[in-house]
Structure formats: structure tokens, C-alpha cells
Amino acid sequence: MNSSRLISNGVKASIVIRAYNAEKTLARCVRSALAQRGGDEYEVVIVNDGSEDGTAQVIREFSTDPRVRAVEQENRGLIGASNAGFAAARGDIVMLLDADDEALPDFVALSCGALTDPSVDYGYGRYYEEYEGVRKLIRPTDPFKAPVGAFAWRRGKLMAEGGFENGSIFPEYEIVLRTWGRWRGVPIRQPLFVYHRSRSSMTGDSELVQKSIDILRKKYPERAVEIAAIRSYEL
């Protein structure tokens with residue numbers, strides 16, 4: 001998608017980056033977000049969620065780029081950081097990245113393209129998963145096979161729903177379950193980002209992953225089939 005297409009459709013996107021003690025990986029993530037093809041009709045909102053390392057300094061290194069905006073807050077966790085980013089964003093479409101992820105060059109264009117149809121509320125795309133130097137392409141067959149970085153959302157719809165809710169490390173699945181039958185999601189059949197895995201991350205903690213899935217089961221017992229479809233996060 002070229003820049004004239006983005007402008008003519010009136011589509012503006014916000015990439016929200018959640019950062020907590022992310023000095024080692026944040027620069028790579030921000031550079032990937034700024035290296036988008038298809039014009040500059042997007043912004044990068046970095047939420048510094050009470051980091052205690054050099055994350056703030058990394059953010060300042062990008063302060064001269066007019067596409068970059070920063071939100072500084074006390075630590076509120078991944079839900080609080082996500083919602084702060086949604087509230088600060090100006091784009092009609094929002095995407096989330098964690099600070100150790102990498103956006104691919106068509107992340108914005110593909111996400112905007114999937115949501116040009118006004119009846120579509122979110123899209124979920126393919127992605128590369130990397131662990132210990134091995135990278136593989138993942139093709140989600142439903143939204144429960146996609147991690148948060150593979151989603152694109154209509155910001156207005158997210159805000160109308162009150163944003164993400166606390167309780168689970170999988171707010172992307174919670175809001176899909178919450179809006180099941182009301183929101184329409186579509187697959188994006190090209191890769192959007194690189195999902196870097198590590199055992200030190202939340203999804204690398206098998207007990208935390210299981211606890212979060214159990215929370216979803218208790219909250220949405222009528223969605224047992226959908227919850228059972230949530231991808232494995234085992235390493």
C-alpha cells in the first residue's frame with residue numbers, strides 16, 4: 001500500500017510499544033516500527049511503564065523523529081501500559097508490540113489494508129516466531145493462534161469496550177471472547193512481525209500461562225471451544 005492510498009482512505013495507524021526495563025531490545029523494536037514502507041501516515045507511541053533501567057534514555061534517542069511520541073507512567077503492568085497507549089494514540093487503527101518484538105516493513109500497510117472494510121473490527125496476521133536463533137513462520141487459523149503483535153484493532157471499538165481488562169496475560173484473547181459474535185475479525189495472510197520468545201518472558205512461564213487460561217475459562221465458560229483453541233506457548 002503506498003502513501004497516497006493511505007491518505008485517500010483517511011487511514012492513520014498507531015503502533016503502540018509497551019516497554020518495561022527494555023533497554024536491551026527497545027531500540028531494535030522502535031527502528032523496525034519506523035522502517036515501514038508506504039509513507040508516514042502513522043505514529044509510534046512508546047509507553048514507558050515505570051522502567052528502572054535505561055529505557056527512558058533509549059526513548060530519548062528517538063525524540064527528534066516527529067512520528068515518535070512517549071508516554072511516561074508509573075508501573076501498571078501490561079494491561080495498564082496497553083490502555084495508556086490506546087488512550088494516547090491518534091490513529092484509527094492500533095497495533096501493539098512488546099519491546100522485544102520487531103515489526104516487519106509492511107506491518108502498517110497490511111494492517112490498514114485489512115481494516116479498510118468498515119465492517120471489520122480487527123485483523124490477525126501471520127508472523128515469525130524466533131527462539132534460540134531458530135525462526136519459523138506461523139500461520140494462525142483463528143485469532144486464538146495469534147499473539148498480541150499479530151493483531152490490528154479499530155481504536156474506537158477498543159475504547160468503546162473500555163480497552164483491555166485486567167486478570168490475564170492474554171488481554172487480546174479476552175477481548176475477542178468478550179466481543180464474540182459482535183466483532184468481526186479477518187485473517188491477514190502475510191507476516192506482520194517477528195515474535196522473539198524467551199523463557200524469562202511472561203509467556204515463557206508455563207504456570208502463568210495456565211493460570212491465565214484458567215481465568216478465561218472461569219470468566220467465559222460458554223466459550224470453552226474457543227478457549228481450547230488458544231495456541232501453545234510451550235518452549
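Participant: I would appreciate a short explanation of the overall build of the protein chain in the present structure.
Facilitator: In terms of helices and strands, the protein chain carries nine helices and nine strands. Relative to a compact globule of 235 residues, whose C-alpha radius of gyration would be 18 Å, the protein chain shows 17 Å and is just as compact. Taken along its principal axes, the extent of the C-alpha atoms in the protein chain is 45 × 40 × 35 Å. Considering the protein chain as a whole, with its 235 residues, one finds that 53% of them fall into the buried category. Looking at the protein chain alone, contacts between residues at least 24 apart form 76% of all its contacts between residues at least 6 apart. Element-wise, carbon and sulfur atoms account for 48% of the exposed surface of the protein chain, whose accessible area totals about 10,700 Å². Taken as two groups, the 32 positive and 33 negative side-chain charges of the protein chain have centres that lie 5 Å from each other.

Participant: Help me understand the nonpolar core, please; the structure alone is not making it clear to me.
Facilitator: Core analysis: the largest hydrophobic core is formed by 75 residues, its most contacted members being Ile15, Ile17, Leu26, Ile46 and Trp153. The contact partners of Ile15, leaving out residues within four places of it in the chain, are Ala33, Tyr42, Glu43, Val44, Val45, Met95, Leu97, Phe107 and Val108.

Participant: Explain unusual backbone geometry here, please?
Facilitator: Trans is the prevailing form of peptide bonds, just as negative phi is the prevailing case for residues other than glycine. Here Asn21, not a glycine, exhibits a phi torsion of approximately 45 degrees, which is positive. Examined against the element boundaries, Asn21 turns out to sit in the loop between strand E1 (13-19) and helix H2 (26-34). You will see that Glu132, though not glycine, has its phi angle at about 50 degrees, which is positive. Structurally, Glu132 is set in the loop between strand E6 (122-131) and strand E7 (134-138).

Participant: Just checking my understanding: could you explain helix H5 (residues 107-114) for this structure?
Facilitator: The α-helix advances 3.6 residues per turn, and as a result positions three or four apart in sequence lie on the same side. Judged by how many residues are buried, H5 sits mostly within the fold: seven of eight residues are covered. Inspection of H5 places Phe107, Val108, Ala109, Leu110, Ser111, Cys112 and Ala114 among the buried residues, and these make up the whole buried set.

Participant: Whenever I open this one, the side chain of Thr203 confuses me. Can you help?
Facilitator: Structurally, Thr203 is set in the loop between strand E9 (185-196) and helix H8 (206-219). Accessibility expressed as a relative area gives 13% for Thr203, which makes it buried. Polar side-chain contacts of Thr203 include one of 3.1 Å to the side chain of Tyr195. Once residues within four sequence positions are removed from consideration, Thr203 is found in contact with Ile169, Phe170, Tyr195, Arg197, Val209 and Tyr233.

Participant: Hey, could you run me through the pairing of E1 in this one?
Facilitator: Regular strands place their side chains on alternate faces of the sheet. The buried fraction of E1 is high, at seven of seven residues. Of the two faces of E1, the one holding Ala13, Ile15, Ile17 and Ala19 and the one holding Ser14, Val16 and Arg18 are both buried throughout. Here seven bridges tie E1 to strand E2 (residues 42-49), and the two strands are oriented parallel to one another. Considered in E2, the bridge of Val16 is made with Val45.

Participant: Sorry, what's going on with the packing of aromatic side chains here?
Facilitator: For any pair of aromatic rings, the description rests on two quantities: the centre-to-centre distance and the angle between the ring planes. Under the counting rule described, the total for this entry stands at 14 aromatic pairs. Between Tyr127 and Tyr195, the ring centres sit 6.3 Å apart and the planes meet at 65 degrees, which makes this aromatic pair edge-to-face. You can see Tyr127 sitting in strand E6 and its partner Tyr195 sitting in strand E9, a full 68 residues away along the chain. Taken together, a centroid distance of 6.2 Å and an interplanar angle of 80 degrees make the contact between Trp153 and Phe164 edge-to-face. Within this pair, whereas Trp153 is found in strand E8 (residues 151-154), its partner Phe164 is found in the loop between helix H6 (155-160) and helix H7 (171-178), the two being separated by 11 residues in sequence. Both residues of the pair, Trp153 and Phe164, count as buried. By way of ring pairs, the aromatic residues Phe86, Tyr122, Tyr124, Phe151, Trp153 and Phe164 are connected into one cluster. The ring of Tyr233 has Arg231 sitting right over it, with the charged end atom 4.2 Å from the ring centre.

Participant: Can you help me understand the confidence of the model for the protein chain in this one?
Facilitator: Low pLDDT means the predicted atomic positions in that stretch should not be read closely. Within the protein chain, residue pLDDT values average 93, and 94% of them lie at 70 or more. Across residues 1-11 the pLDDT falls below 50, and counting only partners more than four positions away or on other chains, this stretch makes 19 contacts in the model.

Criteria and cut-off values
Residues numbered from 1 in each chain as written. Predicted model: local features only at pLDDT ≥ 70, side-chain atom pairs only at ≥ 80, totals over all residues. Heavy atoms only, no water. Helix = DSSP H or I, 4+ residues; strand = E, 2+ residues; numbered from the N terminus. Rg over C-alpha atoms; globule rule 2.2 N^0.38 Å. Buried < 20%, exposed > 50% of the residue type's maximum accessible area, 1.4 Å probe, protein only. Contact = heavy atoms within 4.5 Å. Areas by Shrake-Rupley, 256 points an atom, 1.4 Å probe, with all protein chains shown as cover. Lys, Arg positive; Asp, Glu negative; His and termini not counted. Charge placed at Lys NZ, Arg CZ, Asp CG, Glu CD. Core = buried A, V, L, I, M, F, W, Y, C linked by side-chain atoms within 4.5 Å. Polar contact = N/O pair within 3.5 Å; in protein donor to acceptor, adjacent residues only side chain to side chain. Pairing = 2+ DSSP bridges. Phe/Tyr/Trp six-rings, centres within 6.5 Å; stacked < 30°, edge-to-face > 60°. Lys NZ or Arg CZ within 6 Å of the ring centre and 35° of its normal. pLDDT = per-residue confidence, 0-100.

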